[in-house]
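What the coordinates show
The chain contents come next:
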Number of protein chains: 2
Amino acid sequence: MTRLVMKFGGTSMADLERIRRAARLVAAEYDAGHKVAVVVSAMAGKTNELVAWTDGAGRPTGDAAGNDDASDDEYDVVVASGEQVTAGLLAMTLRNMGYRARSMQGWQIPIKTTDVHGKARIADIPPEKLCAAMDSGEIVVVPGFQGVADDGRITTLGRGGSDTSAVAVAIAASAVRCDIYTDVDGVYTTDPRIENKAKRLDKISFEEMLEMASLGAKVLQTRSVELAMAYRMPVRVLSSFVEPGEATDQGTIVCDEEEIVEKHIVSGVAYSRDEAKITLLGVPNKVGVSAAIFGRLAQANINVDMIVQSDARSGEVANQLFTVGRRDAKQAKELMEAAQGEIGFEDLRIDENVSKVSIVGVGMRSHTGVAQTMFQALSEKGINIQVISTSEIKISVLIDEAYTELAVRALHAAYGLDKIGA
Amino acid sequence: MTRLVMKFGGTSMADLERIRRAARLVAAEYDAGHKVAVVVSAMAGKTNELVAWTDGAGRPTGDAAGNDDASDDEYDVVVASGEQVTAGLLAMTLRNMGYRARSMQGWQIPIKTTDVHGKARIADIPPEKLCAAMDSGEIVVVPGFQGVADDGRITTLGRGGSDTSAVAVAIAASAVRCDIYTDVDGVYTTDPRIENKAKRLDKISFEEMLEMASLGAKVLQTRSVELAMAYRMPVRVLSSFVEPGEATDQGTIVCDEEEIVEKHIVSGVAYSRDEAKITLLGVPNKVGVSAAIFGRLAQANINVDMIVQSDARSGEVANQLFTVGRRDAKQAKELMEAAQGEIGFEDLRIDENVSKVSIVGVGMRSHTGVAQTMFQALSEKGINIQVISTSEIKISVLIDEAYTELAVRALHAAYGLDKIGA
């Protein structure tokens with residue numbers, strides 16, 4: 001008998017009928033011989049309602065540097081209640097079906113976290129209590145998203161944290177796998193809303209999934225993939241509308257690269273419209289200028305993605321170009337303008353009509369010509385590449401936002417992604 | 001600096017505006033020099049919503065003998081979340097007003113209870129953590145209605161339990177008083193909806209309040225009065241619409257009899273329509289018959305109130321008459337009919353068109369003629385008394401339900417209650 005962790009998101013917990021459906025899926029895995037723990041989100045919409053109440057009660061939104069206020073510990077008390085409700089309801093539903101089940105709150109297991117309220121990170125989950133209950137034949141229902149700090153106060157992990165809770169519980173339970181039931185039936189070669197030839201992948205490596213998640217594919221929360229990768233915990237993404245008992249071979253398994261026999265050079269095409277390009281024109285080409293620019297952005301907790309220095313004229317001045325998240329663009333612009341005297345740039349331009357399109361694949365490590373195929377495909381469609389950045393298993397380009405869909409489809413075809421997968 | 005416990009019910013927590021109003025009342029007491037703990041109910045209607053969800057999830061309703069099912073521990077997990085939310089929101093609101101405040105859940109203080117889920121009783125509240133926070137200048141916000149069992153599971157006290165939570169927290173904190181803010185402005189000589197000459201009492205003794213609560217006056221939960229009486233904790237009932245800073249001398253103080261200088265012979269007239277009268281006709285007058293009747297009702301957890309044995313004919317047969325709560329009437333009738341052979345009665349009659357009207361007053365102990373005044377007043381209005389029962393400080397009569405208001409007004413006048421009070 002192996003231990004299995006299952007996770008259901010907010011749409012799978014949206015009402016009593018959906019909760020009963022989830023319970024049948026849990027029961028089927030239990031009947032198949034697994035020891036099961038289930039991690040649940042709050043009912044869809046409930047967390048937003050609770051957050052709105054905390055806003056109305058005067059929750060401080062933090063200062064410009066993103067520092068938290070002490071009030072966030074009470075924010076956590078309020079919003080953690082949503083998962084408490086669904087955990088109790090699912091446990092009751094399972095009992096009503098004749099199964100032994102019980103909920104365990106974050107403070108009961110405990111799920112120990114840091115004390116950064118509102119965006120805590122899981123520090124440790126002692127396995128004893130959890131595993132003892134599972135091994136005794138109880139189905140343990142765990143509210144996602146929540147934990148407890150060393151001082152005994154309730155914490156939450158930040159939005160979307162339930163995926164991370166599920167992976168962490170799976171690691172603590174030494175589970176054979178963590179199954180994430182959601183409203184899509186797996187990980188696709190690209191967004192099917194843009195390219196209807198997109199194919200579901202049977203398997204994808206942790207590294208690829210991590211890049212896909214960071215690049216805007218919203219199937220799994222980035223932090224949950226990082227955690228799964230660190231502990232080599234296989235994660236399966238599948239639809240909560242699968243029939244009970246028929247979950248085997250459904251969805252996409254995120255796993256170690258070595259377990260993937262048929263490797264693709266490129267596994268997926270991702271895109272993000274959450275980009276803004278800032279160009280500093282005529283920056284003096286002297287020591288310490290880059291530090292002055294990016295030090296200021298880092299201090300304000302603004303994440304800088306792509307950086308290019310270009311157009312060095314006679315070695316004296318250059319243009320500095322970088323991208324930030326669109327929601328940070330205004331603040332980044334103000335920070336730069338405030339430091340114009342010190343940095344010494346001549347002019348600043350900001351462009352929010354850009355998007356980032358990326359190809360991801362572990363096969364890049366061992367194949368040449370991958371980048372060339374990308375540039376060729378975009379060039380053939382007349383798409384101008386503004387910035388390029390690469391990692392070992394990914395190539396990203398910044399383009400005019402209007403060409404996003406065209407670029408995604410061109411790249412999907414260029415790498416033959418419509419011919420692979422499930 | 002004395003410690004003070006304040007309690008706000010569901011209507012006082014119904015939305016963010018009401019929560020802000022409660023926060024201003026709390027702040028005024030803090031500014032006046034009190035160390036304050038606040039006990040809160042869930043938002044009005046929220047507990048009903050949560051209970052409905054648990055019903056939908058298949059909460060067992062228990063068997064006929066009132067035994068609880070294990071599922072009730074998950075019921076508690078779900079419904080306790082309502083008070084968790086309001087506790088967090090009130091703490092945030094107070095912080096936003098510049099006060100130091102924090103919530104403490106039942107398991108954090110802890111509020112230790114028995115493990116009878118859904119209707120647990122408070123066993124102990126260790127004062128250390130609560131008092132340390134209060135003494136450090138923090139306003140401590142405690143969710144009412146909930147606690148934690150020895151096994152670390154969440155419990156709830158049953159509906160209306162927040163009054164009891166408040167009194168228990170006041171006792172643990174050695175508070176000078178427990179102020180219950182509610183939607184009425186005190187305890188009245190009778191229900192003002194029936195008698196508009198009803199007067200608010202400045203003070204009422206624990207014993208009187210306990211009788212009033214048991215007899216149907218819904219101002220305070222019976223269990224909370226029992227607890228306050230046992231520990232001689234003064235409780236003040238006042239309106240949550242009092243202006244901040246003007247709470248002094250408002251409402252009604254429930255206190256020790258010795259602290260009431262001006263004692264009334266009768267302090268109030270209470271009534272209850274939740275009555276049903278069952279008459280067993282022609283019961284053999286032999287040993288063990290009463291035990292057979294009332295033993296059966298006790299086994300089924302049916303509370304019997306008034307009992308009269310009458311009409312003994314030549315010492316051989318008698319009529320047995322008793323009253324039960326109206327919701328138990330059907331079950332009581334079925335239990336009697338099932339045992340007709342053993343008990344040996346000839347016929348059974350059930351009458352739900354009855355009500356119980358009572359006068360309550362510690363002055364009865366030292367004054368004669370109190371009952372005679374009651375019977376005379378009812379007789380003058382032509383109201384027939386079906387059953388009489390008395391305790392040291394109360395006289396109750398069972399009458400035709402149609403005469404309830406008439407009887408209440410007649411008794412209110414007969415004891416001069418329109419001339420006393422605040």
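The present account deals with the structure reproduced in this document. Counting starts from 1 at the beginning of each chain's written sequence and moves along it residue by residue. Each chain is given a letter, starting from A, and each ligand a number, starting from 1, according to the order in which they appear as written. Residue-level local features of this predicted model are given only where pLDDT is at least 70; pairs of side-chain atoms are given and counted only at 80 or more, and the full residue set underlies all totals for whole chains, interfaces and linings. The side-chain values count all of the structure's non-hydrogen atoms but skip hydrogen atoms and water molecules.

Examining the sheet that holds strand E3 (residues 101–103) of chain B
Residue and element names in this part refer to chain B. Strand order in the open sheet formed by eight strands is E3-E6-E2-E1-E9-E11-E12-E10, and the pairing between neighbours is mixed. Each of the sheet's edge strands pairs with one partner strand only, and the pair in question is E3 and strand E10 (203–205). When strand polarity is set aside, the average angle formed by the axes of neighbouring strands in this sheet is 20°. By this definition, two strands are paired if DSSP reports at least two bridges between them. Here a strand is any run of E in DSSP of at least two residues, a helix any run of H or I of at least four, and the numbering for each starts at the N terminus. Relative to strand E2 (residues 35–40), strand E1 (residues 3–8) runs parallel, the two sharing six bridges. Note on E2: the bridge partner recorded for Met6 is Val38. Here an axis means a line fitted to C-alpha atoms, over the contact stretch when the element is a helix, while the angle between two N-to-C directions is reported on a 0 to 180 degree scale.

Focus on the sheet that holds strand E10 (residues 203–205) of chain A
Residues and elements named next belong to chain A. The eight strands are arranged E3-E6-E2-E1-E9-E11-E12-E10 in an open sheet whose pairing can be described as mixed. Among the strands making up the open sheet, the edge pair consists of strand E3 (101–103) and E10. Pairwise comparison of adjacent strand axes, ignoring direction, gives a mean angle of 20° for this sheet. For strand E2 (residues 35–40) and strand E6 (residues 139–143), the ladder comprises four bridges, and the chain directions are parallel. The residue of E6 that forms the bridge with Val40 is Pro143.

With respect to the interface of chain A and chain B
On the chain B side, the residues contacting the 39 residues of chain A number 39 residues. With both sides pooled, the region where chain A packs onto chain B buries about 3,200 Å², and carbon together with sulfur makes up 60% of that total. Buried surface area refers to the total accessible area, computed with a probe of radius 1.4 Å, that the two partners give up upon joining, counted for both partners together. When the buried area of chain A at its contact with chain B is split by residue, A:Trp53, A:Met92 and A:Trp107 rank highest and sum to 20% of it. Salt bridges are counted wherever a side-chain nitrogen of Lys or Arg sits within 4 Å of a carboxyl oxygen of Asp or Glu. Viewed at the interface, chain B and chain A are joined by four salt bridges. The partner of B:Arg95 in a salt bridge is A:Glu74, and the shortest N-O contact between them spans 3.7 Å. Distance and chemistry together define a polar contact, namely a pair of N or O atoms within 3.5 Å, with one atom able to donate a hydrogen and the other to accept it when in protein, and with adjacent residues in sequence counting only for side-chain atoms on both sides. The interface formed by chain A and chain B includes twelve residue pairs in polar contact (both at pLDDT 80 or more). We call two residues in contact whenever any of their non-hydrogen atoms come within 4.5 Å of each other.

Quick word on the pairing of strand E11 (residues 235–239) of chain B
Residues and elements named next belong to chain B. Relative accessibility thresholds used throughout: buried, under 20% of the residue-type maximum; exposed, over 50%; partly exposed, between the two (1.4 Å probe, protein chains only). Counting buried positions along E11 yields five of five residues, so the element is predominantly enclosed. Of the two faces of E11, both are covered, the one formed by Val235, Val237 and Ser239 as well as the one formed by Arg236 and Leu238. As paired elements, strand E9 (residues 177–182) and E11 share five bridges and run parallel to each other. Bridge pairing in E11 places Asp179 opposite Arg236. Relative to strand E12 (residues 252–255), E11 is paired through three bridges, and the arrangement is antiparallel. Across the sheet, residue Val237 finds its bridge partner in E12, namely Thr252.

Description of empty space enclosed by the protein
As defined here, a cavity is a set of points on a 1 Å grid over the protein atoms alone where a 1.4 Å probe fits but cannot get out. A pocket is an open set with protein on both sides within 12 Å along at least five of seven lines, and residues line them when an atom is within 4 Å of a point. Grid points are joined across faces, edges and corners, and a volume is the space filled by probe spheres set on the points. For the structure shown, the criterion picks out two cavities of 30 Å³ or more. When its volume is computed, the largest cavity comes out at roughly 140 Å³. Along the walls of the largest cavity sit 16 residues, with A:Lys46, A:Leu50, A:Ser81, B:Lys46 and B:Val85 positioned nearest its centre. Residue classes follow a fixed rule: Ala, Val, Leu, Ile, Met, Phe, Trp, Tyr, Cys and Pro count as nonpolar, while Asp, Glu, Lys and Arg count as charged, and any other residue, Gly among them, counts as polar. Taken together, the residues of the lining of the largest cavity sort by class into eight nonpolar, five polar and three charged. Roughly 30 Å³ of internal volume is contained in the second largest cavity. Every residue lining the second largest cavity is listed: B:Lys203, B:Ile204, B:Glu208, B:Ile260, B:Lys263, B:His264, B:Ser267 and B:Val362.

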